[in-house]
Amino acid sequence: MVFRSLGSCGLMIALLFGAGCTKRLTLVELGNRDQVLHLGNGAEPADLDPQTVLGIPESQILYSLFEPLTLLDPVDLHPVPAASTGWEVSSDGLVYTFHLRPDARWSNGDPVTARDWVYSYRRLLTKGLAAQFSYNAFYVANAEEYLTGKITDFAQVGVREMDPLTLEFRLRSPTPFFPSALSAFTLLPVHPGTIEKFGALDRPNTMWTRTGNLVSNGPFMLKDWKPNQFVSVVPNPYYWDRAKVRLKEIRFYGVDSEDSEERMFRAGQIHATYNMPLAKIDLYRAKEPDLLRITEYYGTYYFNFNTRKPPLHDPRVRRALAMTIDRKAIIDNVARAGQQPAFEFAPPGAGGYTPGALVREDRDEARRLLAEAGFPGGRGFPKLELLFNTSEQHRPICEAIQQMWKRELGIDVTLSNQEWKVYLNAMRDGTYDIARAGWIGTVPDPHDYLQNIRSSAGNNFTGWGNADYDRILAESERTPENAARFRLLNQLDEIFVREMPLAPLFHYTRPILIRPSVKGFPGNQRDQRWYKNMYLEPATEDKGRPPGKLGGPVRPLDSPCWPTTLVTCISRP
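Residue positions within a chain follow its written sequence, with the count starting from 1. It should be noted that, the model being predicted, local features are given only for residues of pLDDT at least 70 and side-chain atom pairs only at 80 or more, the latter also being counted only at that level, while totals for whole chains, interfaces and linings use all residues. Water and hydrogen atoms were dropped before computing side-chain values, which therefore reflect all heavy atoms in the structure.

Caption draft 1: Broad picture of the pattern of salt bridges. Definition used for salt bridges: Asp or Glu carboxyl oxygen within 4 Å of a side-chain nitrogen of Lys or Arg. Within this structure, the stated rule accounts for 32 salt bridges. Here Glu365 ties to Arg368 by a salt bridge, and the two come within 2.8 Å at their closest N and O atoms. In this pair, Glu365 and Arg368 both sit in helix 12 (residues 363–372), three residues apart, roughly one turn of the helix. Residue class for Glu365 comes out buried when judged on its relative accessible area of 16%. The closest approach of N and O atoms between Asp527 and Arg529, which form a salt bridge, is 3.1 Å. Through salt bridges that share partners, Asp314, Arg316, Glu365, Arg368 and Glu372 make up one connected network. Working definition: helices are DSSP H or I runs of at least four residues, strands are E runs of at least two. Numbering for both runs from the N terminus. Residue exposure (1.4 Å probe, protein chains only): buried if accessible area is under 20% of the type maximum, exposed if over 50%, otherwise partly exposed.

Spelled out as structure tokens, the structure:
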């Protein structure tokens, strides 16, 4: 601490105000004391409606507010009861009967009933809602037929209330991973009375998800949503397992910039980051390994090609672009978190599956294909735009690919970064050329990935469709035996590699920064979080570590200084 000279009364002022310049606790230190968890959460959420949102940033908040019928165990990811007490399955694998918790309550005190779940599925499958992940419910008999209008009576859909606490699902074909599939955030329940109060069953984007309106059934409930600042949740006093909930509050901060988020972490403003700057992974490995966590992540980083736009309507062009990418070079020199090159869409080993065909890296063949498509040496090739959502992680990856395409194919691609909501709208509307994307699987089965590029899939933003692909996928969904089913999926791999509607780049890992004080937050392939198990335990590492230790001093966002006209505080590393 240094005092500026204040004239003859400087000593008196220093004595009067000196105590006020003592170090204030950071948000992390306050949170450790008061059980308030501060989490970086990537982008500002587009909404908090589980049936209409698309992204991981939204889902991380939703799993604190809502509880599905099943969750995946945070250690080994097997399905366990959540809003249910358990289930039975018929001998033919077609009927699942779930028993709901008798003490389950919504955050307004209403009981959670089977009728609420039926309403939630009906809303999800109502065409007017335009829920793009509605296909997560297509395992249920007649779900797809109801959404597409082939049937109009929802009573024919295979979900029904047996009694207030018993819910039955009738499937279109045996699906052994169905209990795991029910953990998807799209299948979280909604409170019927709240939906109807603020609109109707088929109306998206109403005010029901706002502060003071949202009613949820999970361990926490919405306290506040300050746009472009944070979402705050507090314990749900009616939650059936409330005795386990130790956190008093969780704040999710929407921060697009990994650099800004990392500075917040060093300044003691958040306990854990959503991502971290790729360029700093090696630095943390060397100097602060106890703060760095890198886990396998069941997902694929890829690029969508808008096949409705020339020249991307030509599969030869798409294959040339995909074959030119040097995936290992990007992982070793840019991503640097142990990712695995992706030569297939579904991560290797998913459900014991071996792909039937792989993407090749062959620059000579790529140049031949481009010339065959009418662009020898890239001549005459129109300038395309590569879209990505704002992130320091995505930009260097996109720049590396931009350079590869220029060097190997002689084509020019410009980069366009957009904030999360604008990026999502461009994907939905098809107003892009090439776009970065990612998919995190719900269940460890290749179907979870391969279904994303069927013609009718809500997540198929490429505009690509193939009748043979759709037919074989549908046949695989009626095939219960894995060996026969995998042979059909191998045929899908062959069509995929031949048509290349998207270019897989790598299979994810998840590098984050996390404070030692955060407990009950195990890393796993799904980043599945059980917020009710989390708590904060002040750690020796936190108590002895100045907030700005790594990379120099960083002043906390809520500076502890008195006005500098009187006193100046200087942080010391």
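Caption draft 2: Region of interest: the sheet that holds strand 12 (residues 340–341). Here, any two strands with at least 2 DSSP bridges between them count as paired. The strand order 12-16-11-15-13-14 describes an open sheet built from six strands, whose pairing is mixed. Every other strand in the sheet has two partners, leaving strand 12 and strand 14 (413–418) as the edge strands with one partner each. Relative to strand 16 (residues 502–513), strand 11 (residues 292–305) is paired through 10 bridges, and the arrangement is antiparallel. Following the sheet pairing, Ile294 is matched in strand 16 by Pro511. Between two residues, a contact is recorded if the distance between any of their heavy atoms is within 4.5 Å. Lines fitted to C-alpha atoms define the axes, with helix axes restricted to the stretch in contact, and inter-axis angles between N-to-C directions lie between 0 and 180 degrees. Along the sheet, helix 13 (residues 394–409) contacts strand 11, strand 13 (384–389), strand 14, strand 15 (434–440) and strand 16; its crossing angle with strand 14, the most-contacted strand, is approximately 165°.

Caption draft 3: Seen up close, the packing of helix 11 (residues 327–335) against helix 13. Where helix 11 meets helix 13, the axes come as close as 10 Å, and the angle between the chain directions of the two elements is 140°. With respect to each other, helix 11 and helix 13 are oriented oblique. Read as a crossing pair, helix 11 and helix 13 show a hand that is right-handed. Across the interface between the two elements, Ala329, Ile330 and Val334 of helix 11 pack against Pro396, Ile397, Ala400, Ile401 and Met404 of helix 13. Each residue is assigned to one of three groups, with Ala, Val, Leu, Ile, Met, Phe, Trp, Tyr, Cys and Pro labelled nonpolar, Asp, Glu, Lys and Arg labelled charged, and all others, Gly among them, labelled polar. Along the lines of polarity and charge, the residues of the contact of helix 11 with helix 13 split into eight nonpolar, no polar and no charged. Should an angle fall under 35 degrees it is called roughly parallel, over 145 degrees roughly antiparallel, and 65 to 115 degrees roughly perpendicular, with every other angle called oblique. Throughout, a crossing is termed right-handed when the near helix is turned clockwise from the far one, and left-handed when it is turned anticlockwise from it by less than a right angle.

Caption draft 4: Representation of the sheet that holds strand 1 (residues 36–40). Read across the sheet, four strands follow the order 1-10-9-8 without closing on themselves; strand pairing throughout is mixed. Unpaired on one side and paired on the other, strand 1 and strand 8 (220–226) mark the two borders of the sheet. When strand polarity is set aside, the average angle formed by the axes of neighbouring strands in this sheet is 20°.

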